[in-house]
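Topology and contacts: notes
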Amino acid sequence: MLTVIYCVDDPATPDAREAHYAEHRSHLKEAPLKILVAGPYTEEGSDRKIGSMLLVESETLDEARKYAHNDPFFVNKVWKEVRIHAFIKNIDRR
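To keep things clear, this report deals only with the structure shown in the data block. None of these values were measured; they are calculated from a predicted model. (Residues numbered from 1 in each chain as written. Predicted model: local features only at pLDDT ≥ 70, side-chain atom pairs only at ≥ 80, totals over all residues. Heavy atoms only, no water.)

1. Considerations on unusual backbone geometry
Trans is the common state for peptide bonds, and a negative phi is the common state for residues other than glycine. Positive phi outside glycine occurs at Lys 77, with the angle close to 65°. Of the residues examined, Lys 77 reaches a relative accessible area of 56% and is grouped as exposed. (Buried < 20%, exposed > 50% of the residue type's maximum accessible area, 1.4 Å probe, protein only.)

This is the structure in C-alpha cells:
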C-alpha cells in the first residue's frame with residue numbers, strides 16, 4: 001500500500017534538525033520499506049525547513065508508523081507531529 005508520512009517540525013527545537021540530520025539520512029538509507037519520495041518542506045517564501053514528507057510503500061500503516069517513530073528526527077524531537085495515512089494515487093505523470 002502507498003502511505004504518506006507527514007511530519008511537522010517542533011518550533012521549540014530549531015537546531016535539532018541539523019544536529020540529527022546524518023542519523024536521519026542513515027535511517028532513510030536503511031529503510032525496511034520502499035521510500036518512493038522523501039524530503040523536507042519549507043516555510044513559504046523561505047528555504048527554512050519546517051517539516052518532512054515521505055511517500056512509501058508499506059505492508060500496513062503500523063509498519064509505516066513504526067518506521068517513522070524510530071526515525072532519529074522523531075526520537076530526538078525534531079518532529080512535533082507525525083501523521084500517517086494511506087494514499088490513493090490517481091495521477092502519476094512521472
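2. Structural notes on the sheet that holds strand S1 (residues 2-9)
The strands making up a sheet are joined through hydrogen bonds of the backbone, oriented either antiparallel or parallel. Sheet architecture is open: four strands sit in the order S2-S3-S1-S4, paired in antiparallel fashion. Bordering the open sheet on either side are strand S2 (34-42) and strand S4 (79-86), each of which pairs with just one other strand. Neighbour-to-neighbour, the strand axes of the sheet open up by a mean angle of 15°, direction not taken into account. The pairing of S2 with strand S3 (residues 49-57) spans eight bridges and is antiparallel. Counted as the bridge partner of Pro 40 is Ser 52 from S3. Against the sheet, helix H3 (residues 61-69) makes contact with S1, S2, S3 and S4, and its axis sits at roughly 160° relative to S4, the strand it touches most. (Pairing = 2+ DSSP bridges. Helix = DSSP H or I, 4+ residues; strand = E, 2+ residues; numbered from the N terminus. Axes fitted to C-alpha atoms, helices over the stretch in contact; angles between N-to-C directions. Contact = heavy atoms within 4.5 Å.)

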